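# A look at the structure
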Amino acid sequence: MVNRSVLVTGATGGLGTAVSAAFSAAGWRVVAPQRRRPDPVDGPEGDAPVRIVADLTDPRDAARVAEVAAGDPEAPLRAVVNLVGGYASGGLLHETPVEDFERMLTINLRPTHLVTRAALPHLVAAGGGAVVCVAARAAVAPFPGAAGYVTAKAAVLGFAAAVATEYKAAGVRCNSVLPSVIDTPTNRDAMPDADHTRWVDPAEIASVIRFLASDESAPTSGAAVPVYGRA
């Protein structure tokens, strides 16, 4: 029986699909914002996510999404999962245009900040809950040619730690997961010659995220959890 809601950003991506499925299977009401109008759902809609069109870089849209996520009194908002992000590589830092550097911050940090900021009052009002952010192994183990991405994901780690500290007394926990290379069709297309057996399956990461959002992980906040697979 559905008795709690989770707001999952980036729910239509390779990882997001697995995360939405994991929460639905565990009995959560899933609210999944996306940039374009949702496609019609085939089959029963009972376990389908609640879709809402929104631009999560816009504060007003982020606030509207949080209102929808918290709008079912029978299933209060108890978790937020921030999956929206992106990757771009380039040259060394002095060869990277500032616009490209800032774009990585906009894509990876701004939606996480705006959605979490909008959802926190609802989590506090519901008696507490959990926020899970997706950083990357690159945040703690940088590699050349991706300074903007590395900086943005490190900022996500810092942001999550700040939320964990500021809202501890209100019963809101915040943790991060740090994937390496996720085994998605997009990544396979981009790296066809890589050893895909070393990558981490989206369903495995989804299980960790669901755990961090659940009551089972109640003592855990401020953690940065590696989900590297064998990569």
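What comes next concerns the included structure. (Residues numbered from 1 in each chain as written. Predicted model: local features only at pLDDT ≥ 70, side-chain atom pairs only at ≥ 80, totals over all residues. Heavy atoms only, no water.)

## Thoughts on the pairing of strand E1 (residues 5-8)
Using the following cut-off: For the exposure calls, accessible area comes from a 1.4 Å probe over protein chains only, and a residue counts as buried if that area is under 20% of its type's maximum, exposed if over 50%, partly exposed in between. Helix numbering and strand numbering both begin at the N terminus, where a helix is a DSSP run of H or I of at least 4 residues and a strand a DSSP run of E of at least 2. Looking down the strands as they point away from you, a crossover is right-handed if its path from the first strand over the helix to the second goes clockwise. Strand pairing is assigned whenever DSSP identifies at least 2 bridges connecting the two strands.
Judged by which residues are buried, E1 turns out to be covered on both faces: Ser-5 and Leu-7 on one side and Val-6 and Val-8 on the other are all buried. At this point the chain moves from E1, through helix H1 (residues 14-25), to the parallel strand E2 (residues 29-34), and the crossover so formed is right-handed. Two elements, E1 and strand E4 (residues 77-82), share four bridges in a ladder whose sense is parallel. Directly across from Ser-5, in E4, lies its bridge partner Leu-77.

## Things to note about the layout of surface pockets
Our working definition: Here a cavity denotes grid points, spaced 1 Å and computed from the protein atoms alone, that fit a 1.4 Å probe unable to get out, and a pocket denotes an open set having protein on both sides within 12 Å along at least 5 of 7 lines; residues with an atom within 4 Å of a point are the lining. Grid points are joined across faces, edges and corners, and a volume is the space filled by probe spheres set on the points. For this classification, Asp, Glu, Lys and Arg are treated as charged, while Ala, Val, Leu, Ile, Met, Phe, Trp, Tyr, Cys and Pro are nonpolar and the rest, including Gly, are polar.
Within this model, the largest pocket holds a volume of roughly 1,300 Å³. What lines the largest pocket is a set of 43 residues, among which Leu-83, Val-84, Gly-85, Gly-86 and Tyr-87 lie closest to the centre. Class assignment of the residues belonging to the lining of the largest pocket gives a composition of 23 nonpolar, 15 polar and five charged.

## Let's talk about the side chain of Thr-9
The test is simple: Each polar contact in these results corresponds to two N or O atoms within 3.5 Å; when the atoms are within protein, one needs to be able to donate a hydrogen and the other to accept it, and residues that are neighboring in sequence are counted only if both atoms are side-chain atoms. Residue contacts are defined here by distance: any two heavy atoms, one from each residue, within 4.5 Å place the two residues in contact.
In this fold, Thr-9 is placed in the loop between E1 and H1. Residue Thr-9 is classed as buried on the basis of its relative accessible area, which comes to 3%. Separated by 2.9 Å, the side chain of Thr-9 and the backbone nitrogen of Leu-83 make a polar contact. Not counting the four nearest positions on each side in its chain, Thr-9 is found in contact with Pro-33, Leu-56, Val-81, Asn-82, Leu-83, Val-84 and Val-115.

## Notes on helix H4 (residues 110-125)
The condition that has to hold: Here the expected span of a helix is defined as 1.5 Å times the quantity of residues minus one. The seven residues ending at a residue and the seven starting there each receive a fitted axis; the angle between those axes is the bend at that residue.
In this model, H4 (16 residues) spans 24 Å end to end at C-alpha, consistent with the 22 Å of a helix rising 1.5 Å per residue. Of all the bends in H4, the greatest reaches close to 35° and is centred on Ala-119; the proline Pro-121 follows between one and four positions later. Along H4, the residues classified as buried are Pro-111, Thr-112, Leu-114, Val-115, Thr-116, Ala-118, Ala-119, Leu-120 and Leu-123. At the exit of H4 stands Gly-127, carrying a positive phi of roughly 95°.

## Considerations on the packing of aromatic side chains
For clarity, the threshold we go by: Any two of the Phe, Tyr and Trp rings considered here, Trp counted by its six-membered ring, make a pair once their centres fall within 6.5 Å; the pair's planes then place it as stacked at under 30 degrees, edge-to-face at over 60, or tilted in between.
Under the defined criterion, the tally for this structure stands at three aromatic pairs. On the numbers, 6.4 Å between centres and 45° between planes, the contact of Tyr-87 with Phe-143 is tilted. A residue pair is termed long-range when its members are at least 10 positions apart, and Tyr-87 in the loop between E4 and helix H3 (98-108) and Phe-143 in the loop between strand E5 (129-134) and helix H5 (147-166) qualify at 56 residues. The partly exposed category is assigned to Tyr-87, whose relative accessible area is 48%. With a relative accessible area of 37%, Phe-143 lands in the partly exposed category. Members of the aromatic cluster, connected to one another through ring pairs, are Tyr-87, Phe-143 and Tyr-149.

## Topic: the pattern of salt bridges
Stated formally: Put simply, a salt bridge is a Lys or Arg side-chain nitrogen that is within 4 Å of an Asp or Glu carboxyl oxygen.
Throughout the structure, instances matching the rule amount to six salt bridges. A salt bridge links Asp-55 to Arg-35, with the shortest nitrogen-to-oxygen separation between them at 3.1 Å. Taken together, the residues span a long stretch of sequence, with Asp-55 in the loop between strand E3 (50-53) and helix H2 (59-69) and Arg-35 in the loop between E2 and E3 at a distance of 20 residues. Taking the relative accessible area as the measure of exposure, Asp-55 reaches 24% and is therefore partly exposed.

## Here's the deal with the nonpolar core
Rules: Side-chain atoms within 4.5 Å link the members of a nonpolar core, which is a set of buried Ala, Val, Leu, Ile, Met, Phe, Trp, Tyr and Cys residues.
Counting 28 residues, the largest nonpolar core has Leu-7, Val-80, Leu-123, Val-131 and Cys-174 as the members making the most contacts within it. For this core, the secondary structure elements donating two or more residues are H2, E4, H4, E5, H5 and strand E6 (172-179). A per-element tally of this core places H5 first, with six residues. Once residues lying within four places of it in the same chain are set aside, the contact partners of Cys-174 are Val-131, Cys-133, Ala-160, Val-163, Ala-164, Ser-221, Gly-222 and Ala-223. Counting residues in hydrophobic clusters, the runner-up holds 26 residues, among them Trp-28, Leu-83, Val-177 and Val-227.

## Details of the pairing of E2
Across the six residues that make up E2, a large majority, six, are buried. Side chains Arg-29, Val-31 and Pro-33 project from E2 onto one buried face, and the interleaved Val-30, Ala-32 and Gln-34 project onto a second face that is buried too. When E1 meets E2, the two strands line up parallel, connected through three bridges. Within the sheet, the bridge partner assigned to Val-6 lies in E2 and is Val-30.

## Let's talk about the state of the cysteines
Put simply, the rule is: The disulfide definition used here is simple: a pair of cysteine sulfur atoms within 2.5 Å.
Here the structure, examined in full by the defined rule, presents zero disulfides. Not part of a disulfide, Cys-133 finds its nearest cysteine sulfur in Cys-174, a span of 4.2 Å. For Cys-133, a relative accessible area of 0% corresponds to the buried category. Judged by its relative accessible area of 1%, Cys-174 falls in the buried class.

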